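If you want the building blocks of each chain, they are given just below.
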Amino acid sequence: MRVHTLALVVVCMIAASCSSQTKDVRRSLRLVDNLLTYAKLNDARRCYRFESTDLGQLAEEALERCHVRLSQGGYHVNFDPGPAPLRVLGDSSALGLVLDNLLDNAIKYSPPASCLTVEIHAQGSRALVRISDEGDGIREDERSSVFEKFVRGRLARAPGKGLGLAIVLRVITDHHGQVELRPGPSRGTVVEIVLPCLT
């Protein structure tokens, strides 16, 4: 209830002070959406609809949703969906939101014209989703805490409220998966999600 109330307050703030600032409106609406999403995830049994879900298709759709931002920033995207469709038992909307949040972070925290990589592969009976960027990265001592609500890394320079990774962790945990952050080969962040494959 408190989260829903806070979301309504943000909506009022948008109407009162952001009506002429399109960028601020989009940012505030995203905050409202994340707040309401996190609130709904507290009752996962009512929130999710589990079905056979193609991870490659979800990733392709997520990349399409952020196509304009990727083009405007001149980002180079490497997308490898794997040799064959990889399916999991999951809620396509929730998993799509996970990919949206991870791609949003990769874009926000990476310099323009840098490279973003999205890979999907099978690892035995598990599905691996890996998203890599060339941003500033996340400090080693913060790689666990950034999954908490309203926590952001000290190197974060772009605007944000620290809800995206909390939602990612909750959704992936509810899908019996794991999520891990690690540094890239030379710079940036690699996010790896592991989910049970549908057999």
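Located above this text is the structure these notes cover.
So, a few notes on the structure that sits alongside this text. (Residues numbered from 1 in each chain as written. Predicted model: local features only at pLDDT ≥ 70, side-chain atom pairs only at ≥ 80, totals over all residues. Heavy atoms only, no water.)

For the rest of this paragraph, the subject is the overall build of the protein. Across its full length, the protein holds seven helices and seven strands. Helices (α) and strands (β) of the protein occur, in sequence order from the N terminus, as α-α-α-β-α-α-β-β-α-β-β-α-β-β. Across the 199 residues in the protein, those meeting the buried criterion constitute 46%. Here the contacts in the protein between residues at least 6 apart in sequence split such that 67% fall between residues at least 24 apart. Surface accessibility of the protein: about 11,200 Å² in total, with carbon and sulfur atoms responsible for 53%. (Helix = DSSP H or I, 4+ residues; strand = E, 2+ residues; numbered from the N terminus. Buried < 20%, exposed > 50% of the residue type's maximum accessible area, 1.4 Å probe, protein only. Contact = heavy atoms within 4.5 Å. Areas by Shrake-Rupley, 256 points an atom, 1.4 Å probe, with all protein chains shown as cover.)

Under the counting rule described, the total for this entry stands at seven salt bridges. Note that Asp104 and Arg69 form a salt bridge whose closest N and O atoms lie 2.8 Å from each other. Taken together, the positions of Asp104 in helix α6 (residues 92-108) and Arg69 in helix α5 (residues 67-73) put the pair 35 residues apart, joining distant regions of the chain. Judged by its relative accessible area of 34%, Arg69 is partly exposed. Notably, a salt bridge pairs Lys108 with Asp104, separated by 3.5 Å at the nearest N-O pair. Of the two residues, Lys108 and Asp104 are both situated in helix α6; the distance of four residues between them amounts to about one turn of the helix. The exposure class of Lys108 is partly exposed, given its relative accessible area of 27%. With a relative accessible area of 8%, Asp104 lands in the buried category. Ionic contacts of the salt-bridge type, sharing partners, join the residues Glu119, Arg130, Arg182 and Glu192 into one network. (Salt bridge = Lys/Arg side-chain N within 4 Å of Asp/Glu carboxyl O.)

Leu55, Leu95, Leu102 and Ile193 are the most contacted members of the largest nonpolar core, which has 37 residues in total. For this core, the secondary-structure elements that each account for two or more residues are α4 (55-65), α6, β4 (115-123), β5 (126-132), α7 (164-174), β6 (178-183) and β7 (189-196). Per-element tally for this core: the top contributor is α6, with nine residues. Leu95 has contacts with Thr53, Leu55, Leu58, Val88, Gly90, Val171, Ile172, His175 and Leu195, leaving out every residue within four places of it along the chain. (Core = buried A, V, L, I, M, F, W, Y, C linked by side-chain atoms within 4.5 Å.)

Pairing between the strands of a sheet is mediated by backbone hydrogen bonds and can be parallel or antiparallel. If you walk across this open sheet you meet the five strands as β2-β4-β5-β7-β6, and the pairing is mixed. Strand pairing shows two members of the sheet lacking a second neighbour, β2 (76-80) and β6, which therefore form its edges. Between one strand axis and the next, the sheet turns through 15 degrees on average, direction left out of account. Note that β6 and β7 share six bridges and pair antiparallel. For Arg182, the partnering residue across the bridge sits in β7 and is Val190. Contacting β6 and β7, α7 crosses the sheet at an angle of about 135 degrees to β6. (Pairing = 2+ DSSP bridges. Axes fitted to C-alpha atoms, helices over the stretch in contact; angles between N-to-C directions.)

Positive phi values are uncommon outside glycine, yet Ala113 reaches one of about 70 degrees. Checked against the element boundaries, Ala113 lands in the loop between α6 and β4. Residue classification places Ala113 among the partly exposed residues on the basis of a relative accessible area of 44%. A positive phi is found at His176, a non-glycine position, where the angle reads about 60 degrees. You can see His176 is positioned in the loop between α7 and β6.

Another aspect to go through is α4. All of the buried residues in α4 are Leu55, Gly56, Leu58, Ala59, Ala62 and Leu63. The buried residues of α4 occupy an angular sector of 160 degrees when projected down its axis, which confines them to one face. Every exposed residue of α4 that faces more than 90 degrees away from the buried side is listed here: Glu60 and Glu64. Where α4 starts, the residue carrying a side-chain oxygen 2.9 Å from the main-chain nitrogen of Gly56 turns out to be Asp54. (Arc of directions from axis to C-beta. Polar contact = N/O pair within 3.5 Å; in protein donor to acceptor, adjacent residues only side chain to side chain.)

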